[in-house]
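The chain contents come next:
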Amino acid sequence: QVQLVESGGGLVQPGGSLRLSCAASGFTFSSYVMSWYRQAPGKERELVATITSGGGSTNYAGSVKGRFTISRDNAKNTVYLQMNSLKPEDTAVYYCKAARLGRVYWGQGTQVTVSS
């Protein structure tokens, strides 16, 4: 049974930091490209960051570049998103996604709220 379980969301003040985790099971995690997406109320889901299967290459949305860092630990079947200098506009539900050769899996999401 495939599972992607996000954790680490919560309420944080502007300028603060959070680290999201996504624990995977039920598939060969190390073979999959992993991504973080987010969806704010009333908006479409958008790509935040992507990391290749081996972790050697990453890409970021322009709005988070320099503030967020995606990483993975294939030994722990986990992908992370370190979020620094958070802004109110980062408020959204954050989802992790696994993809390989047309096969896609999604997590259930974790809420991140940036507010004073």
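Above: the structure in question.
Residues numbered from 1 in each chain as written. Predicted model: local features only at pLDDT ≥ 70, side-chain atom pairs only at ≥ 80, totals over all residues. Heavy atoms only, no water.

**Section: the pattern of salt bridges**
At step 1: All chains considered together, the criterion is met by 3 salt bridges.
At step 2: A salt bridge links R38 to D90; its shortest N-O distance comes to 2.9 Å. In this pair, R38 is assigned in strand 4 (residues 33-39) and D90 in the loop between strand 8 (78-83) and strand 9 (92-100), connecting sequence segments 52 residues apart. Pair check on accessibility: R38 and D90 agree, each one buried.
At step 3: R67 is paired through a salt bridge with D90; the nearest N and O atoms lie 2.8 Å apart. (Salt bridge = Lys/Arg side-chain N within 4 Å of Asp/Glu carboxyl O. Helix = DSSP H or I, 4+ residues; strand = E, 2+ residues; numbered from the N terminus. Buried < 20%, exposed > 50% of the residue type's maximum accessible area, 1.4 Å probe, protein only.)

**A few points about the environment of V112**
At step 1: Relative to the helices and strands, V112 is located in strand 11 (residues 110-114).
At step 2: Given a relative accessible area of 0%, V112 falls into the buried group.
At step 3: Through-space distance from the C-alpha of V112 to that of G9 is 4.9 Å; in sequence the pair is 103 residues apart.
At step 4: Residues in contact with V112, not counting those within four places in the same chain, are G9, G10, L18, L20, M83, D90, T91, A92 and Y94. (Contact = heavy atoms within 4.5 Å.)

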